[in-house]
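# Structural overview
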Amino acid sequence: MGCKGPKSLISVSNDNTFLDLTVQQIEVQDFLKRFENIPDMLELDHLTVSGDVTFGKNVSLKGTVIIIANHGDRIDIPAGAVLENKIVSGNLRILDH
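The paragraphs below set out a description of the structure included in this document. (Residues numbered from 1 in each chain as written. Predicted model: local features only at pLDDT ≥ 70, side-chain atom pairs only at ≥ 80, totals over all residues. Heavy atoms only, no water.)

## Details of the side chain of Ser-60
Structurally, the position occupied by Ser-60 is in strand β5 (residues 60-69). Overall, Ser-60 belongs to the buried group, its relative accessible area being 9%. Excluding residues within four positions of it along the chain, Ser-60 makes contact with Asp-40, Ala-81, Val-82 and Leu-83. (Helix = DSSP H or I, 4+ residues; strand = E, 2+ residues; numbered from the N terminus. Buried < 20%, exposed > 50% of the residue type's maximum accessible area, 1.4 Å probe, protein only. Contact = heavy atoms within 4.5 Å.)

See below:
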């Protein structure tokens, strides 16, 4: 069971806050695997996420956040990250050693 669809605007907390989603064929379990828990978005104005992106625990998104992973690359937003008015693009992997 997957879903297909065009871009959608979903109100988060007020008329000025929205998520920009492009929904492609994806299983719900695969979508949920991208989040260790739901990010704090209470102070979020705009969010765009494109590509292979995962979110660690206790991530906070504020203001305008745009995350775009290059085709074939992955961006891992680390646990505890606070992204406020940021653009993240390319690839980002933070590994424990």
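## Focus: the pattern of salt bridges
Summed over the entire model, instances satisfying the criterion amount to two salt bridges. Notably, a salt bridge pairs Asp-52 with Arg-34, separated by 2.6 Å at the nearest N-O pair. Taken together, the positions of Asp-52 in strand β4 (residues 52-55) and Arg-34 in the loop between α1 (28-32) and β3 (44-50) put the pair 18 residues apart, joining distant regions of the chain. Given a relative accessible area of 29%, Asp-52 falls into the partly exposed group. Judged by relative accessible area, Arg-34 falls into the partly exposed class, the value being 23%. A salt bridge links Arg-74 to Asp-76, with the shortest nitrogen-to-oxygen separation between them at 2.7 Å. Taking relative accessible area as the criterion, Arg-74 reaches 30% and is therefore assigned partly exposed. By relative accessible area, which is 11% here, Asp-76 ends up buried. (Salt bridge = Lys/Arg side-chain N within 4 Å of Asp/Glu carboxyl O.)

## Comments concerning a nonpolar patch on the surface
A surface patch of nonpolar side chains, about 290 Å² in accessible area, is lined by Val-28, Phe-31 and Leu-32. Inspection of the secondary structure assignment puts Leu-32 in helix α1. (Patch = residues over 30% accessible without salt bridge, like charges linked within 9 Å, V, L, I, M, F, W, Y side chains within 5 Å. Areas by Shrake-Rupley, 256 points an atom, 1.4 Å probe, with all protein chains shown as cover.)

## Let's talk about unusual backbone geometry
Located in the positive-phi region is Asn-58, a residue other than glycine, with phi close to 55 degrees. Its place among the elements puts Asn-58 in the loop between β4 and β5. Although it is not a glycine, Asn-85 sits at a positive phi angle of roughly 55 degrees. Among the secondary structure elements, Asn-85 is positioned in strand β7 (residues 82-90).

In short, geometric facts, not functional conclusions.
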